[in-house]
Amino acid sequence: MTTTDDLPVFLDALLARHGNNPAELLQMLCETQHRRGWIAPQALTYLAQRLDIPRARIEGVASFYSFLHLQPHGEYRVLFSDNITDRMLGSQVLMEKMCQQLWLQPGKVSEDGLVSINTTSCTGMCDQGPAMLVNGRAITRLTHQRVQEIGSLIRNRTPLEDWPADFFHVDDNIRRSGLILDNTVAPGDVLRAALALGGKDVVEAVKDSGLRGRGGAGFPTGLKWEACRNAQGTAKHVVCNADEGEPGTFKDRVLLTRHADLVFEGMTLCALAVGAQRGFLYLRGEYRYLLEPLQAILQRRRDNNMLGKNILGQTGFDFDIAIHMGAGAYICGEESALIESLEGKRGVPRNRPPFPVTHGYLQQPTALDNVETFCSAALAVQMGAEKFRAIGTPKSTGSKLISVSGDCPRPGIYEYPFGVSVREILQDCGAIDACAVQVSGPSGICVAQSEFDRKLGFEDLPTAGAFMVFDDSRDLFEVARNFVHFFAHESCGFCTPCRVGTSMLKQTMDKIAAGHGTRHDLNEIENLDKVLQTSSHCGLGRTSCNPVLHTLKHFRPAYENRLKSLDFEPAFDLDGALARARQMTGRDDVGAHLKPEDV
Amino acid sequence: MSKKLRIATTSLAGCFGCHMSILDIDERLLALLELVEFDRSPITDIKHCGPCDIGIIEGGICNADNVHVLYEFRKSCKILIAIGSCAITGGLPAQRNHLDLESCLTEVYLTEPGLAHGHIPNDPELPLPLDKVHPLHEVVKIDYFIPGCPPSGDAIWKFLTDLIAGKTPELGHGLIKYD
Amino acid sequence: MSDTFQLDGASVPFEPGQTVMQAALAAGHYIPHLCYHPEFKPHGSCKLCTVKIGGRTAASCTMPAEAGLNIESDIEELNALRRTLVQMLFAEGNHFCPSCEKSGNCMLQALGYDLEVHTAGFRHMYPDRPLDASHPDILLDFNRCILCELCVRASGEVDGKNVFALSGRGITKHLVVNAESGLLKDTNIALADKAMHVCPVGVILPKRVGFSVPIGKRKYDQRPISAQALDDAPRQGDAGGSCASCEGTS
């Protein structure tokens, strides 16, 4: 673990592989992390010297990403996915059991340096949870038995490669397919059609199709491509956002598993439309297992002249795609933070304007879209704008992949034309006693029973695809608390309101959960919400209070039932505050307690 | 004014510096006494607080006794004022808050040479320390805050006369101080 | 003739490329701020300078000035927001003014005074942030860091040394120095560096001069920050513009 003798040899090879390019820093750090399970201080110093980047800045980058460690973190690093859907499937008990089995506390490394166990944000396996990552590899469908087997494999130091393959099996769980999932487009088909049109007409076709971004914000894709096409720059870029981090979302995982060719086809189409020569697919670290299959597909496309120089014989149409790995930072799903991360920096959202279409990757014009957007764009060009527009609703054309999870017998991927109602999806997935649905993840909307006739689409309920179902046995306060913890963990820390506000929100929710809240705390929540909404730097902060606002609106009693009193006096666990001193002094007399009647 | 306002004051985990500053309003005290009378306070030596209009508390909350006194004040006083850094932020006593109470007590009574003869005092007469020192507003509702370490006599005078006159107190530049 | 925008009903001229904050200060209109410094590219992290344009809010230090904008700043709604942001910063770190040698020269404190912040209101977080006293001439007290990145910017852009950087994420974000040991003594910082003179609070302090100006006679003891900041802002015809807020504690 501690031998660093051959470190320079490793790092020299690494640096050479990445052309000593500082923009590849995060990729180099990921590979260094992968080598020993952590990044030694000497490695940072060495990289700093060779790349001529200040060491402190490299430390800053490495410490930003959850999956990179600057201290030894165990030969086996176990991370339980901590989305509310994992919890509903019993992940917390499984984690406790595993900690007991391996004699360690969550977040700490075992004394022999063998293993650490902790939680991580949603790993995108909500339809087959509870899930975990072991040394970055996704494991699904955890049961007591499986967790125990994993514990034994770790104790016996069995290499990950020798673990049962079934542990790592990921189902696609496609329950309902449509335009995208049923497509039979052969690789190259769309590109040939696009080359016949020419870049300018591709832009027109995408504009005409009415396609809007599938990442949730819904910006018209054609307008984005047009702006990028018209932008001044020496080297344009196409970036695919495959950092699918919104808890409850896993449709991009399925697209990248089954329709990667269509994704790359869409990216190449975009390159033709905007005049880009380089493309990146930014893949979330949780989907690391997809890297090799995706690389193989890229290579096949190169071999078939669908990437590289003079694509499909079109002189001067040069474009290639590289895959960059994320390393555990939800904020990198925000487009400008993603670009910062692509450049090898901390994933902090940029100030806008300027926007990525004019000043994106390395300050060059960049067209950045979601995985599903590229697929839809390819299909829109293939089938023609008019046909595409006929699907969905006037302002939300085409179809949408929905990731269904939570309390229903048939979780998985459902493709619908836009305009489908919440109720219809609930019927299809077999959820009979749903009391609420979290649409579009924690940053989205909590839809209560009375609103189940609302429709998915930019006219009513915009969504990036998450659809988490809660039945009437669920405590919506605990759901909101899980989401609040998520945002506090994922805040990048750049701006005051989000850095401090999300943490304060977390403290307050925890205080209410512990039974020490009063109406004073509800007031504080409302105050924090206002500050977060009006002054946060980016969408993370502005939407981080949504789970609380929405559940307070529809499920206020779930909060009030936990309050110590409904008056405005603050309160906390005063007798608990004496516990430490009681233990230290061995006292248990009357004076060593704060009696309830005092409170 | 038909009836004098009744005021109580006390110092919890504080140094009495804020009380010194109250005395520092000097001869204006006489004018103040035209308007108010003192209930429980180091000035009167009354031990328990009766019904009051205004309670002024110096110092933060570091032990069980502080909590009892604070509750007594909150129950008895219509308006509760936190005065000084310790009452408002925890202040100097709260400088131990980033340390674990166990390591504090161990270092003071067990590992360092001293008079306690190697044991942590456990006499029931002593109020037990809380694991952290808290500003007053974390324990009860506080209506007003007069910052400063201590606030000047002028600041206290301005604040109280505003309050007694029925105005929302404002200190303004020169009187509002945190140091 | 330069274009103008409206700020709280007053007409403010601006040059192309100026942000709302830069134009406002140059024209003698104060907008509260902490992480903005006239000599550095604004980055907009503290959000104290949030203003209202139509129904939207934006950080005025990074917002490009545009002709015809109708901007509100000195209104109770925004001052209440600023008060809360100042309270959040006080609750986040360990800001014990009575023992801080920057007291009276501290922008966070002065903003608190100006906004009549009497209490942090929230529960204090009391983080554990050990000092770095390793350097013979310079003390780092991280307890007071508000993560404005001015020292990071100054050390990188002016001193060309990159002594400081930010590490960690979210509420655990913190300042680090450019040394494998993590200690300031192993960096090439010097007393004359720009980075020594930009900290708005009391993190980066020259040793042995902390109380050469007595408490009560310091910058913001004399005049409120709203008046000081206008004096410090570069004006037209003022080459470079001296910056009083860059002065150290000495």
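All values derive from a computational prediction rather than experimental measurement.

K.L.:
Hey, could you go over the overall build of chain A for me, with residue numbers and the actual values?
P.N.:
When helices and strands are counted, chain A shows 25 helices and 14 strands. Over its C-alpha trace chain A gives a radius of gyration of 25 Å, about what one expects of a compact globule, namely 25 Å for 599 residues. In terms of its C-alpha atoms, chain A occupies a principal-axis envelope of roughly 90 × 65 × 45 Å. Put simply, 71% of the contacts in chain A that link residues at least 6 apart link residues at least 24 apart. Entry remark: accessible area of chain A is about 21,700 Å², with carbon and sulfur atoms responsible for 50%.

K.L.:
Outline the domain arrangement of chain A, listing residues and values.
P.N.:
Split into domains, chain A comes out as domain 1 (7-64), domain 2 (76-171), domain 3 (176-389), domain 4 (401-474) and domain 5 (477-560). On a C-alpha basis, the centroid separation for the pair domain 1 of chain A and domain 5 of chain A is 36 Å.

K.L.:
Could you give an account of the environment of Thr-358 of chain A, with specific residues and numbers?
P.N.:
All names here are of chain A. Tracing the backbone shows Thr-358 in the loop between helix H14 (335-342) and strand S9 (366-370). Sequence separation of Thr-358 and Ala-227 is 131 residues, and the distance between their C-alpha atoms is 7.6 Å. The residues touching Thr-358, leaving out its near neighbours within four places in the chain, are Ala-231, Gln-363, Gln-364 and Pro-365. In this structure the side chain of Thr-358 is engaged in a polar contact, spanning 2.9 Å, whose partner is the side chain of His-359.

K.L.:
I'd like a description of the domain arrangement of chain C, backed by residues and values.
P.N.:
Residues and elements named next belong to chain C. When its domains are assigned, chain C resolves into domain 1 (3-78) and domain 2 (96-246). Domain 1 and domain 2 are separated by 23 Å when their C-alpha centres are compared. Contacts between the two partners involve 19 residues from domain 1, matched on the other side by 29 residues from domain 2. Between domain 1 and domain 2, the buried area comes to about 1,900 Å², and carbon and sulfur atoms account for 67% of it. When residues of domain 1 are sorted by the area they lose upon contact with domain 2, Tyr-30, Leu-34 and Phe-40 head the list and together hold 35% of the total.

K.L.:
Go over the nonpolar core with me, naming the residues and quoting the values.
P.N.:
Judged by nonpolar contacts, the single largest core of 236 residues is most densely connected at Leu-29, Tyr-65, Trp-225, Leu-281 and Leu-283 of chain A together with Phe-5 and Phe-164 of chain C. No other element matches the eleven residues that helix H12 (residues 260-274) of chain A contributes to this core. Contact partners of Phe-5 of chain C, with chain neighbours within four places excluded, come to Ala-10, Ser-11, Val-12, Phe-14, Val-20, Ala-23, Ala-65, Glu-66, Gly-68, Leu-69 and Ile-71 of chain C. Among the nonpolar cores identified, the runner-up in size contains 35 residues, and Ala-581 of chain A together with Cys-52, Tyr-71 and Phe-145 of chain B belong to it.

K.L.:
Outline the interface of chain C and chain A, listing residues and values.
P.N.:
Counting residues at the interface gives 36 residues for chain C and 44 residues for chain A. With both sides pooled, the region where chain C packs onto chain A buries about 3,200 Å², and carbon together with sulfur makes up 54% of that total. Taken together, the links from chain C to chain A amount to four salt bridges. Notably, a salt bridge pairs Asp-521 of chain A with Arg-123 of chain C, separated by 3.9 Å at the nearest N-O pair. Between chain C and chain A we count 23 residue pairs in polar contact (both at pLDDT 80 or more) in total. The biggest single contributor to the side of chain C that touches chain A is helix H2 (residues 76-92) of chain C, with seven residues. Partitioned by chemical class, the residues of the side of chain C that touches chain A number 17 nonpolar, twelve polar and seven charged.

K.L.:
So what's going on with the packing of aromatic side chains? Which residues, and what values?
P.N.:
Tallied over the full model, the rule gives 15 aromatic pairs over all chains. With 5.6 Å between their ring centres and 40 degrees between their planes, Phe-418 of chain A and Phe-458 of chain A make a pair best called tilted. One end of the pair, Phe-418 of chain A, is in the loop between strand S11 (412-417) and helix H17 (422-429); the other, Phe-458 of chain A, is in the loop between strand S13 (445-448) and strand S14 (466-471), with 40 residues separating them in the sequence. For the pair Phe-418 of chain A and Phe-458 of chain A, a shared accessibility class is recorded, and that class is buried. On the numbers, 5.8 Å between centres and 40 degrees between planes, the contact of Phe-5 of chain C with Phe-14 of chain C is tilted. Grouping residues by exposure puts Phe-5 of chain C and Phe-14 of chain C together as buried. What links up through ring pairs into an aromatic cluster is the set Tyr-76, Trp-163 and Phe-168 of chain A. Over the ring of Phe-168 of chain A we find Arg-137 of chain A; its NZ or CZ atom is 4.5 Å from the centre of that ring. Taking the ring centre of Phe-64 of chain A as reference, the NZ or CZ of Arg-169 of chain C above it sits at 5.9 Å.

K.L.:
An account of the sheet that holds strand S4 (residues 56-59) of chain C is requested, with residue identities and associated values reported.
P.N.:
Residues and elements named next belong to chain C. Strand order in this open sheet of five strands is S2-S1-S5-S3-S4, and the pairing throughout is mixed. Since the sheet does not close on itself, it has two edges, and those belong to strand S2 (10-14) and S4, each with one partner. Direction aside, the axes of adjacent strands within the sheet are offset by 40 degrees on average. Across five bridges, the pairing between strand S1 (residues 3-7) and S2 is antiparallel. From the neighbouring strand, Leu-7 faces S2, where its bridge partner is Ala-10. Its contacts with the sheet put H2 on strand S3 (50-53) and strand S5 (70-72), and the angle it makes with S3 is roughly 155 degrees.

What counts and how
Residues numbered from 1 in each chain as written. Chains lettered and ligands numbered in written order. Predicted model: local features only at pLDDT ≥ 70, side-chain atom pairs only at ≥ 80, totals over all residues. Heavy atoms only, no water. Helix = DSSP H or I, 4+ residues; strand = E, 2+ residues; numbered from the N terminus. Rg over C-alpha atoms; globule rule 2.2 N^0.38 Å. Contact = heavy atoms within 4.5 Å. Areas by Shrake-Rupley, 256 points an atom, 1.4 Å probe, with all protein chains shown as cover. Domains from an automatic or database assignment. Polar contact = N/O pair within 3.5 Å; in protein donor to acceptor, adjacent residues only side chain to side chain. Buried area = accessible area lost by both parts, 1.4 Å probe. Core = buried A, V, L, I, M, F, W, Y, C linked by side-chain atoms within 4.5 Å. Buried < 20%, exposed > 50% of the residue type's maximum accessible area, 1.4 Å probe, protein only. Salt bridge = Lys/Arg side-chain N within 4 Å of Asp/Glu carboxyl O. Nonpolar A, V, L, I, M, F, W, Y, C, P; charged D, E, K, R; others polar. Phe/Tyr/Trp six-rings, centres within 6.5 Å; stacked < 30°, edge-to-face > 60°. Lys NZ or Arg CZ within 6 Å of the ring centre and 35° of its normal. Pairing = 2+ DSSP bridges. Axes fitted to C-alpha atoms, helices over the stretch in contact; angles between N-to-C directions.

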